[in-house]
Amino acid sequence: MSHSEWYLTAMEKLVTVVKELSRAKNLETLTAIVRDAARDLTGADGATFILRDNDQCYYVDENAISPLWKGQRFPMKACVSGWAMYNSEVAIIEDIYKDPRVPTDAYRPTFVKSMAMVPIRKNNPIGAIGNYWAKNRKPTDEEISILQALADITSVALENIQLYSDLESKIEQLQEREIAITEQREALEIFTRALAHDLKEPMRTINSFTDLINKQSEFNERTKNYFHHIYNSSERMLALIDTVFLYTPIDSTKNLGRQECFISAILEEVQENLNHLIQERHAIITFDKLPIVHANNTQIMQLFQNLICNSIKHNDKTPTIHVSAKREGDNWVFSIRDNGRGIDEKNFNSIFEPFKRLSSQSDDGTGLGLSICKKIIQAHEGRIWCKSQPNGTTFHFTLPATLEKKLDGTDIKAKPANNNSAGFANVLVVDDRKADIELTRIMITEQLNIQCNLFETYSSEGMFNILHEHIHKKEPINLILLDINMPGTDGFEVLKRLREDKMLSNISVAMCTGSTYIKDIEKA
């Protein structure tokens with residue numbers, strides 16, 4: 001083979017080596033590539049791959065006609081590879097016994113007669129590549145340039161491996177952190193749910209019985225005022241528990257079930273929910289034809305309810321509120337405009353922060369309403385902002401436009417009329433708390449004046465006993481009011497068991513709970 005043919009072949013091999021090194025993800029793979037390439041490219045009798053280990057030369061691997069120093073370490077000052085690294089230059093030694101840089105005693109047992117050592121990285125070398133020959137020989141300039149090119153490529157590959165290793169380590173740390181955060185969030189959600197339920201039950205009981213006592217007893221004005229304060233405080237506590245509980249899990253509900261949301265229908269329901277406040281303040285709420293969006297129905301209802309409720313409360317005049325929407329690219333931009341007090345521009349961002357309230361009134365809210373709105377919108381990949389003038393404020397927010405169909409309020413299906421049945425219905429209340437059963441009885445029979453045969457039980461087993469007993473009497477239970485949060489078997493497990501019983505599977509069930517837990521609501 002001519003010299004030019006050799007050089008062309010060597011360059012082709014070097015290109016292949018570059019491709020192989022670019023794919024190397026660890027030191028073991030790189031070592032094997034460099035070790036073999038160093039010998040093959042120059043036709044040497046042996047090659048070694050050396051890395052600097054503080055003040056020592058570590059002979060990582062070799063490819064030679066007989067063993068050299070694989071796996072051994074030598075002082076930097078005692079070997080040629082150390083010299084090449086210290087001086088950042090190539091060491092070419094035609095006769096190892098005539099060069100003072102060579103520790104000849106170490107080489108006598110080997111086949112080596114000549115060598116060339118090139119540093120890996122010219123600035124502050126981190127290693128070296130050595131070629132050895134079994135006879136006295138001086139490598140050509142082309143052979144040295146090929147070997148140095150391999151060393152330069154190896155330097156880049158080593159840095160890439162280090163970067164890849166660091167990246168893998170960081171990814172692993174991030175994954176571990178994500179798992180820990182997920183576990184903490186799940187634990188926090190469970191804790192918050194349990195805490196909210198345990199706090200709400202006694203607060204609701206206090207609230208309900210206080211209201212009953214106040215209505216049914218004759219007290220002087222001062223005592224009535226005390227009951228009024230107790231009732232208002234418990235109402236605020238219930239609202240605060242609900243709001244804090246709702247705020248906590250919203251950022252973890254991005255993958256929660258979404259469906260077609262008829263915004264006009266949602267607004268109708270929001271108005272029903274806020275009917276007392278609307279009537280009290282003589283509020284006027286209007287809206288244009290509004291689109292259908294693909295979203296979480298419960299969260300979107302909470303969003304509109306929070307914004308409209310704020311518009312009514314923070315208004316010294318007769319509240320006038322208008323809701324509209326327009327298409328902008330891939331989004332619907334919704335606007336809720338009111339004629340209220342307005343918001344100072346400096347507070348446009350801070351109003352979305354948790355527990356930030358601009359009103360000085362102590363009972364004006366929980367300070368989480370707008371923060372919840374922001375989290376809901378972020379969970380739907382949108383954004384929310386406000387603009388304000390002295391004569392009112394407009395809140396804007398975006399939701400992805402995934403459906404083209406529009407409906408207005410007149411397209412909503414009418415609610416079916418109640419059908420009066422002959423005789424009284426049999427209603428079974430299932431709840432583990434006696435106080436809640438008593439409150440349910442008062443609400444149904446006294447406050448709502450509904451005529452029915454009311455039965456009660458405190459456990460799931462009691463429920464099934466009563467159901468089967470009434471079937472045998474041919475006086476079946478028509479409706480079950482089933483508590484979700486019960487000790488042992490919860491309401492959903494009871495419902496599943498009920499649906500699996502062929503004799504009982506057609507009984508109507510209303511799931512009852514004080515929980516505002518979104519997953520409970522959707523599951524129910």
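Keep in mind that what you see is a predicted model, and the values were worked out from it rather than measured.

Cut-offs applied
Residues numbered from 1 in each chain as written. Predicted model: local features only at pLDDT ≥ 70, side-chain atom pairs only at ≥ 80, totals over all residues. Heavy atoms only, no water. Helix = DSSP H or I, 4+ residues; strand = E, 2+ residues; numbered from the N terminus. Buried < 20%, exposed > 50% of the residue type's maximum accessible area, 1.4 Å probe, protein only. Contact = heavy atoms within 4.5 Å. Areas by Shrake-Rupley, 256 points an atom, 1.4 Å probe, with all protein chains shown as cover. Polar contact = N/O pair within 3.5 Å; in protein donor to acceptor, adjacent residues only side chain to side chain. Pairing = 2+ DSSP bridges. Axes fitted to C-alpha atoms, helices over the stretch in contact; angles between N-to-C directions.

Participant: Lay out the overall build of the protein in plain terms, naming residues and giving numbers.
Facilitator: Looking only at helices and strands, the protein features 14 helices and 18 strands. Relative to its 524 residues, the protein shows a buried fraction of 42%. Restricting to contacts in the protein with at least 6 residues of sequence separation, those with at least 24 account for 66%. On the protein, roughly 29,100 Å² of surface is accessible, and the fraction owed to carbon and sulfur atoms is 50%.

Participant: So what's going on with the side chain of Ser 114? Residues and values would help.
Facilitator: Positionally, Ser 114 belongs in strand β5 (residues 114-120). Judged by relative accessible area, Ser 114 falls into the buried class, the value being 0%. Side-chain polar atoms of Ser 114 contact the backbone oxygen of Lys 135, separated by 3.0 Å. Leaving out residues up to four positions away in the same chain, Ser 114 has contacts with Ile 93, Glu 94, Asp 95, Ile 96, Asn 131, Tyr 132, Trp 133, Lys 135, Asn 136 and Arg 137.

Participant: So, the environment of Trp 133: which residues are in play, and what are the values?
Facilitator: Structurally, Trp 133 is set in strand β6 (residues 127-133). As a C-alpha pair, Trp 133 and Ala 47 span 86 residues in sequence and 9.1 Å in three-dimensional space. Not counting the four nearest positions on each side in its chain, Trp 133 is found in contact with Gly 43, Ala 44, Asp 45, Phe 111, Val 112, Lys 113, Ser 114, Met 115, Ala 116 and Pro 139.

Participant: Now, about the sheet that holds strand β4 (residues 91-93): what can you tell me, with residues and values included?
Facilitator: With antiparallel pairing, the six strands of this open sheet are ordered in space as β3-β2-β1-β6-β5-β4. Strands at the two margins of the open sheet, each flanked by one partner only, are β3 (73-75) and β4. Strand-to-strand twist across the sheet, computed as the mean angle between neighbouring axes with direction ignored, equals 20 degrees. Taken together, the six bridges between strand β1 (residues 46-53) and β6 define a ladder with antiparallel strand orientation. In the sheet register, Ala 47 faces β6, and the bridge partner there is Asn 131. Along the sheet, helix α3 (residues 80-87) contacts β1, β2 (56-64), β4, β5 and β6; its crossing angle with β5, the most-contacted strand, is approximately 40 degrees.

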